[in-house]
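Spelled out, the chains give:
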Amino acid sequence: MITADRVFAAGLFVLGGAYLVEAAKLPVWKDQTVGAGLFPMLLGAAMLVLTGASLTLDVLERGSAQHAREPFLPPRRALIRQASVLGALAMYVLALEPAGFIISTFLFITVLSIALDPARRISSVAVAVLLVALAQLLLVSLLKMPLPSGPFG
Amino acid sequence: MDLTSGQQLLVGFSVALRPENLMFAFIGVLLGTMIGVLPGIGPAGAIAALLPFTFGMDPTTSLIMLAGIFYGGMYGGSTTSILLNVPGEAASVVTTLDGHQMARSGRAGAALAISAIGSFVAGTVGVVLLTVVAAPLAMLAIRFGPPEYFALTVLGVMAAAYLSSASMLKGLAMVILGLMLSTVGIDLITGGARFTYGVLEVYGGVELVPVLIGLFGISEILSMLQDPDTGSLLRRKIPLRELWPSGRDLRDSAGPIARGSFLGFGMGMLPSGGPFISSFLSYALEKKISKRPETFGKGAIEGVAGPESANNSATAGSMVPLLILGIPFNVVTAIMLGALIIQGLQPSPMLMTRQPEFFWGVVASMYIGNVMCLVLNLPLVGIWVKILQIPVAKMIPMILLFCVIGVYSINARLFDLWLMLGVGILGYALRRLRFPLAPLVLALVLGRIMENALRQSLLMGLGSPLIFIERPMAAAFIFGVLGILTFAVVSRLRRRGGGAPALSVT
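Here is what the cut-offs are and how they apply
Residues numbered from 1 in each chain as written. Chains lettered and ligands numbered in written order. Predicted model: local features only at pLDDT ≥ 70, side-chain atom pairs only at ≥ 80, totals over all residues. Heavy atoms only, no water. Core = buried A, V, L, I, M, F, W, Y, C linked by side-chain atoms within 4.5 Å. Buried < 20%, exposed > 50% of the residue type's maximum accessible area, 1.4 Å probe, protein only. Contact = heavy atoms within 4.5 Å. Salt bridge = Lys/Arg side-chain N within 4 Å of Asp/Glu carboxyl O. Helix = DSSP H or I, 4+ residues; strand = E, 2+ residues; numbered from the N terminus. Polar contact = N/O pair within 3.5 Å; in protein donor to acceptor, adjacent residues only side chain to side chain. Patch = residues over 30% accessible without salt bridge, like charges linked within 9 Å, V, L, I, M, F, W, Y side chains within 5 Å. Areas by Shrake-Rupley, 256 points an atom, 1.4 Å probe, with all protein chains shown as cover. Expected span 1.5 Å × (residues − 1).

A.B. asks: Kindly report on the nonpolar core, identifying the contributing residues and their values.
C.D. replies: Counting residues in hydrophobic clusters, the biggest one holds 193 residues, and the most contacted among them are B:Met319 and B:Met336. Other than its neighbours up to four places away in sequence, B:Met319 contacts B:Leu63, B:Ala67, B:Leu130, B:Ile324, B:Thr333, B:Met336, B:Val362 and B:Met366.

Next comes the structure, spelled out in structure tokens:
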């Protein structure tokens, strides 16, 4: 049985190998000084040895996963909530520069608050308005932080 | 303390008492207490999210505020442990054992008060010890050359790998991953680009803040979303009558507070021995020497006083390697070092003499900050209880907003936000697989220091690695590394019969 643990270990093994190949293209010793490749080569080799040994030991010692372990993926409802939040965050990042900080932040806070707590829609909008106003006042007006102004710029 | 240190400390107070430093110390301890009270995002995530807001500040003011968040978080962490049986941050996990039992038997006020008093006493003892040991340790550290720095950084990350997870292999994998990330960008010695693949945004190295916020902010939010309940954490009224502990409570707590103060400070100075481990060791110690060990876990006040003192003292202890050696031994001080480096300040043994206002200003601010924490946590505990009534559904968007603003404001580029998002998902996967995140961050921050020290050492040794065992202090650190490895292998062999999953020795 392939566990998420093993897949991840195998992924790190491949990463270590690819990193080592790239590191080998850098000089280890150049012009009587230590080159840029020495440290990365040591790291790549260490990752290969570590993950290779752990995968081998796993097969030798156990063969297959026998321990009852928490599944890698959370329950379906939690997964949907997480995907919604990540989706909202990705949309926020996409909209931040074209729509500007004020509009995109207001929409992000409102949509996310309502999605997480559908029963309190009015308070969600109120919190969004308050947060945007506070952030604009403190960060943009007072601290002069470089936040995108969008169509209002 | 010699006269010089005393005089320097007075200079430090003149810096710490400047209005802007007082204000940011207060903001730091206030935010720290709030973050400590709220379960979920811990001091590491909070400091990471707030880092960009400090870049425009003077480095002294910046570190005063960040340190305030660190020890303020230790104060606040006990509140939810005691009232809700949910630790506000990792170092308060052990406080749930007896603190919540005290609350259930109507003694929440006494538990909160002893926790605040113990934190204050230990925090102050910790800063006094920091004041006393700073000068002698700096004198010792001046002898450190590249071989010692390399060996010490290796010892630091190895200890983190060993102590931060039940699986040494997982910890080591995270260390190597962090070191690999640290090699991305322009090589400072040869000027050549490494592992950049034409991505202009990483030529200066992988930006630290998006990685930190992704690992500790976004992944933490994803973990919080596993819980279907998004209502407020506090659903019942907590009686806080009798806030002052009885005479017997104070007598029973005096010993644990004293022991916790010294134990915490000592542990804080060691590689990976921060507040979390200090609190557990203190609890184990108090139970071991108690005349009534059977009361532990059933509401023994010693089980609150010792660990809460130890975790506060450890924050002062862990500032020693950061400020004197420039090498952080836990994740929070690693983030602080990242902040200082971004601001162009590299702590070293010479910091005390070259920039006494910075060093002693930060130390003095910790004395003042501890008094602020006591005021915030003892008479004002009712306010923190009210904060727990904010619904989680409202907190999550606010925290995410802070994360986005923090990351975007560094370079005003979307690349950093995508990096944060990607690292956040990776961090969540790592949490699910029980990979420790602290070694990854420590290695990422220490990577360049370690590589430069290695290359300089090999040049000094004309290419021979024997230089690491020819110099006594470097050799001692290398033997420490070998000791950790040997211990880990022996432990694994002893447990071999049970079997273990890939990348695990659990």
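A.B. asks: With reference to specific residues and values, describe the pattern of salt bridges.
C.D. replies: Two side chains that carry opposite charge are able to pair once their charged atoms sit near each other. Residues and elements named next belong to chain B. By the definition in use, this model includes 17 salt bridges over all chains. In this structure, Arg471 engages Glu148 in a salt bridge whose closest nitrogen and oxygen atoms are separated by 2.9 Å. Here Arg471, found in the loop between helix H20 (467-470) and helix H21 (472-494), pairs with Glu148, found in helix H7 (residues 146-163); they are 323 residues apart in sequence, far enough to count as distant. A salt bridge links Arg431 to Glu220; the nearest nitrogen and oxygen atoms lie 3.2 Å apart. Separated by 211 residues along the polypeptide, Arg431 in helix H18 (residues 414-432) and Glu220 in helix H9 (residues 208-224) bring together distant segments of the chain. Salt bridges sharing common partners tie together Asp187, Arg194, Glu451 and Arg455.

A.B. asks: Hey, could you go over the side chain of B:Ser457 for me, with residue numbers and the actual values?
C.D. replies: Residue and element names in this part refer to chain B. Examined against the element boundaries, Ser457 turns out to sit in helix H19 (residues 438-460). A polar contact of 3.4 Å, which involves the side chain of Ser457, links it to the backbone oxygen of Pro146. Sequence-distant contacts of Ser457, that is, excluding residues within four places in its chain, are made with Pro146, Pro147, Ile467 and Phe468.

A.B. asks: Help me get a handle on a nonpolar patch on the surface, residues and values and all.
C.D. replies: Nonpolar side chains collect at one region of the surface, where A:Leu130, A:Leu134, A:Leu138 and A:Leu142 lie side by side and expose about 410 Å² of accessible area between them. With a relative accessible area of 42%, A:Leu134 lands in the partly exposed category.

A.B. asks: Please set out H18(B) residue by residue, giving values where relevant.
C.D. replies: The end-to-end C-alpha distance of H18(B) is 27 Å, a good match for the 27 Å that 19 residues give at a rise of 1.5 Å each. Burial in H18(B) covers these residues: B:Asp416, B:Leu417, B:Met420, B:Leu421, B:Val423, B:Gly424, B:Gly427, B:Tyr428, B:Ala429, B:Leu430 and B:Arg432. The inward-facing, buried residues of H18(B) abut helix H1 (4-24) and helix H3 (76-99) of chain A together with helix H8 (168-182), H9, helix H17 (392-411) and H19 of chain B. B:Arg434 sits one or two positions beyond H18(B) and adopts a positive phi of about 60 degrees.

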